Protein chains: 2
Amino acid sequence: MAGTDRRRKGEAEDFCKNGPVIVLVEPQLGENIGMVARAMLNFGLMELRLVNPREGWSRDKAIKASSGATIVLDRAQIFESTAEAIADLEQVYATTARPRDLVKPMLSARHAAATYTPLIRQGIKCGVLFGKESKGLSNDDVALADAILHLPLNPAFASLNLAQAVLLIGYEWFCANSEVPDKVTPLGKGRPASKQDLMGFFEQLESELDASGFLRVPDKRPSMVRNIRSLFTRANLTFQEVSTLRGIISFLVHKKSFRK
Amino acid sequence: MAGTDRRRKGEAEDFCKNGPVIVLVEPQLGENIGMVARAMLNFGLMELRLVNPREGWSRDKAIKASSGATIVLDRAQIFESTAEAIADLEQVYATTARPRDLVKPMLSARHAAATYTPLIRQGIKCGVLFGKESKGLSNDDVALADAILHLPLNPAFASLNLAQAVLLIGYEWFCANSEVPDKVTPLGKGRPASKQDLMGFFEQLESELDASGFLRVPDKRPSMVRNIRSLFTRANLTFQEVSTLRGIISFLVHKKSFRK
């Protein structure tokens, strides 16, 4: 899934203003911090905060694991407590899969991203807390959050590593900020066939099928023609593809002369 | 984000029937195959197919990297060509971020999962092709697919590793198969406060605020009372929380006697 286009860097810079701050509470390994930075940049998130990283700030390991997402690591800030790391934020989510004894709303990551993206665009600062690799967030940290973010996962195998959890949250935020068309068919330099092009092909094909005897049963001919026309219409042919098909018909009809 | 519940294994087994087959074409590293297995099992996908894995089938490295998702590796099948690996499938998607010269529909992963999940439930077999780590899918492999799956990504940093790409595709399929509530607030053993409970608290609070002089300006009293009631109503208090708040008021009012 590679395909970075460095000319489009500006678009990501614009986007990151609409994403949440990512707060890692007591991350244990520099490699994980680097992989989190990579996952963040995949979705244009640029603001990383670290609360008491265990290895201090092992930049070399983090940089190596970030696969080039150094811009996120360069901007990362370190705090001594979760309370300090979230002090300027106005909406904070905790990520935790374990049920806690706290009465706290649980929002699906998709719903949270859809709901809060318009608020972030209005200037509300939002952040997402991720706990340490081994134990997740403490109850004290969860208590500081406005809500818990929920990621649907196989209940029989729900262990995500830190970077994967950040990846999925970032993905939801990016989708909420992007105009993602459900379906497009890029034509490159081509253009769709006109209905006239298509009709020319149908007439050639049906004329040859009449001549060959394929459409020899008069009662069945109308429905067979409709089905064949439907099949080729469904393919959304380009002008070039119609030309290719017309060539195929001609060559198939005249094949004997070529075999001589 | 840990929280595996092994008692719920059956649910995932049921689910996997509704997910696509994951086909890795010429994967280069056993570790990556293991991490793919883990990402698959996170979302209940159980059917992994490998086309010409470069290291043959380096089970040890794959198992170590799978973090326990050996059930997926145990069931994995190996094929010599992409055509053989997809022979029994009826709908095949290619994952590629690079624009190709082929005229091929591009579907967002979310749209594809939403559209094809009902068909898979009806018994249609569907698969997703992933190319080798270094170069992605060949044009010949993409040509065999019905459509290209598109994952929205930061255009300035669009490099996903193999397991991350599988993770995001699996996530979309799992979401399309799951009833994910937008928002719930689990109350544990508690129950919500009744309006009578809440009104008792309001009356206690307002009576003490009258006595203390906080509500001393008659013109402002009605709107102040409404704002205070709104604030506490918005919190969706539990019965226990209302009791706690009533205790807090009592202690604050009588604090002087405790300080003696």
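Per chain, residue numbering runs from 1 following the sequence as it is written. Each chain is given a letter, starting from A, and each ligand a number, starting from 1, according to the order in which they appear as written. Only residues with pLDDT of 70 or above have their local features reported here, since the model is predicted, and side-chain atom pairs are shown and tallied only from 80 upward, although totals for entire chains, interfaces and linings are computed over all residues. Only hydrogens and water are set aside when side-chain values are computed; all heavy atoms of the structure are taken into account.

Engineer: How should I be thinking about the sheet that holds strand 5 (residues 106-108) of chain A in this particular structure?
Structural biologist: Hydrogen bonds between backbone groups are what pair the strands of a sheet, and the pairing can be parallel or antiparallel. By definition, two strands form a pair when at least two bridges between them are found by DSSP. Only DSSP runs of H or I reaching four residues or more are called helices, and only runs of E reaching two or more are called strands; each is numbered from the N terminus. Across the sheet, which stays open at both edges, the eight strands sit in the order 3(A)-2(A)-1(A)-6(A)-4(A)-7(A)-5(A)-8(B) with mixed pairing between neighbours. With partners counted over all chains shown, the strands left at the sheet margins are strand 3 (77-79) of chain A together with strand 8 (183-184) of chain B, one partner each. Bridging between strand 4 (residues 91-95) of chain A and strand 7 (residues 147-150) of chain A involves three bridges; their strand directions are parallel. Of the residues in strand 7 of chain A, the one forming a bridge with Ala94 of chain A is Ile148 of chain A. Sheet contacts for helix 8 (residues 162-177) of chain A: strand 1 (21-25), strand 4, strand 6 (126-130) and strand 7 of chain A; angle to strand 6 of chain A, the most-contacted strand, approximately 155°. A contact between two residues is defined here by any heavy atoms of the two lying within 4.5 Å. Whenever a helix is involved, its axis is fitted only over the stretch in contact; in every case the axis is a line through C-alpha atoms, and angles between N-to-C directions fall within 0 to 180 degrees.

Engineer: I keep staring at the interface of chain A and chain B and nothing clicks. Help me out?
Structural biologist: The figure often quoted for interface size is the accessible area lost as the parts come together. Facing 63 residues of chain A, the contacting portion of chain B comprises 63 residues. Each partner contributes to the roughly 5800 Å² buried at the junction of chain A and chain B, and carbon and sulfur atoms together form 62% of this total. For this analysis, a salt bridge means a side-chain nitrogen from Lys or Arg found within 4 Å of a carboxyl oxygen belonging to Asp or Glu. With a closest N to O distance of 3.0 Å, Arg110 of chain B and Glu172 of chain A form a salt bridge. Residues adjacent in sequence count toward polar contacts only when both atoms are side-chain atoms; beyond that, a polar contact is any pair of N or O atoms within 3.5 Å, and within protein one must be able to donate a hydrogen and the other to accept it. Counting across the interface, chain A meets chain B through 20 residue pairs in polar contact (both at pLDDT 80 or more). Contributions of two or more residues to the side of chain A that touches chain B are made by helix 1 (9-16), helix 2 (30-42), strand 5, helix 6 (109-121), helix 8 and strand 8 (183-184) of chain A. Counted by class, the side of chain A that touches chain B contains 32 nonpolar, 18 polar and 13 charged residues. As judged from the two bridges shared by strand 8 of chain A and strand 5 (residues 106-108) of chain B, these two strands associate in the antiparallel manner. Paired with Lys183 of chain A across the strands is Leu107 of chain B, a residue of strand 5 of chain B. Throughout, the accessible surface (probe 1.4 Å) given up by two parts as they are put together, summed over both, is called the buried area. Classification convention: Asp, Glu, Lys, Arg as charged; Ala, Val, Leu, Ile, Met, Phe, Trp, Tyr, Cys, Pro as nonpolar; all other residues, Gly among them, as polar.

Engineer: Mind showing me how you'd approach the relation of the copies chain A and chain B here?
Structural biologist: Put simply, the second copy of the chain is the first one after a rotation about an axis and a shift along it. Residues reaching a pLDDT of at least 70 in both copies supply the C-alpha atoms on which the copies are superposed by least squares. After a rotation of 180° and a shift along the axis of 0.1 Å, chain A superposes on chain B with an RMSD of 0.1 Å. Here the two chains are linked by the operation of a two-fold rotation axis. Taken as a fraction of all interface residues of chain A, those also at the interface in chain B reach 100%, which identifies the copy contact as same-surface.

Engineer: Help me understand the sheet that holds strand 2 (residues 48-51) of chain B in this model?
Structural biologist: Pairing is mixed in the open sheet, where eight strands are placed in the order 8(A)-5(B)-7(B)-4(B)-6(B)-1(B)-2(B)-3(B). Taken across any chain shown, the strands that pair with only one partner, and hence form the sheet edges, are strand 8 of chain A together with strand 3 (77-79) of chain B. Pairing of strand 4 (residues 91-95) of chain B with strand 6 (residues 126-130) of chain B, which is carried by four bridges, proceeds in the parallel orientation. By the bridge assignment for strand 6 of chain B, Val92 of chain B is matched with Gly127 of chain B. Sitting on the sheet, helix 8 (residues 162-177) of chain B is in contact with strand 1 (21-25), strand 4, strand 6 and strand 7 (147-150) of chain B, with an inclination near 155° to strand 6 of chain B.

Engineer: Would you mind showing me how to read the pairing of strand 2 of chain B here?
Structural biologist: Taken residue by residue, a regular strand's side chains alternate between the two faces of the sheet. Residues and elements named next belong to chain B. Residues of strand 2 alternate between two faces, with Leu48 and Leu50 on one and Arg49 and Val51 on the opposite face, all of them buried. Across four bridges, the pairing between strand 1 and strand 2 is parallel. Paired with Val23 across the bridge in strand 2 is Arg49. We call a crossover right-handed when, viewed with both strands directed away from the observer, the connection leading from the first strand over the helix to the second proceeds clockwise. Of the crossover connections in this fold, the one passing from strand 1 over helix 2 (residues 30-42) to the parallel strand 2 is right-handed. Where strand 2 lies against strand 3, three bridges are found, and the strand directions are parallel. Considered in strand 3, the bridge of Leu50 is made with Ile78. The buried label applies to any residue whose accessible area, calculated with a 1.4 Å probe on protein chains only, is under 20% of its type's maximum; exposed applies above 50%, and partly exposed to all values in between.

Engineer: How should the packing of helix 9 (residues 195-212) of chain A against helix 11 (residues 239-253) of chain A be read in this particular structure?
Structural biologist: The angle between the axes and the distance between the axes are what describe a pair of packed helices. Residue and element names in this part refer to chain A. Contact geometry of helix 9 with helix 11 gives a least axis separation of 10 Å together with a crossing angle of 15°. In terms of orientation, helix 9 lies roughly parallel with respect to helix 11. At the point where helix 9 passes helix 11, the crossing takes the left-handed sense. For the pair helix 9 and helix 11, the contacting residues are Asp197, Leu198, Gly200, Phe201, Gln204, Leu205 and Glu208 in the first and Phe239, Val242, Leu245, Arg246, Ile249, Ser250 and Val253 in the second. Counted by class, the contact of helix 9 with helix 11 contains eight nonpolar, three polar and three charged residues. Roughly parallel means an angle under 35 degrees; roughly antiparallel means over 145; roughly perpendicular covers 65 to 115; every other angle is labelled oblique. By the definition used in this description, the sense in which the near helix is turned from the far one sets the handedness, with an anticlockwise turn below a right angle giving left-handed and a clockwise turn giving right-handed.

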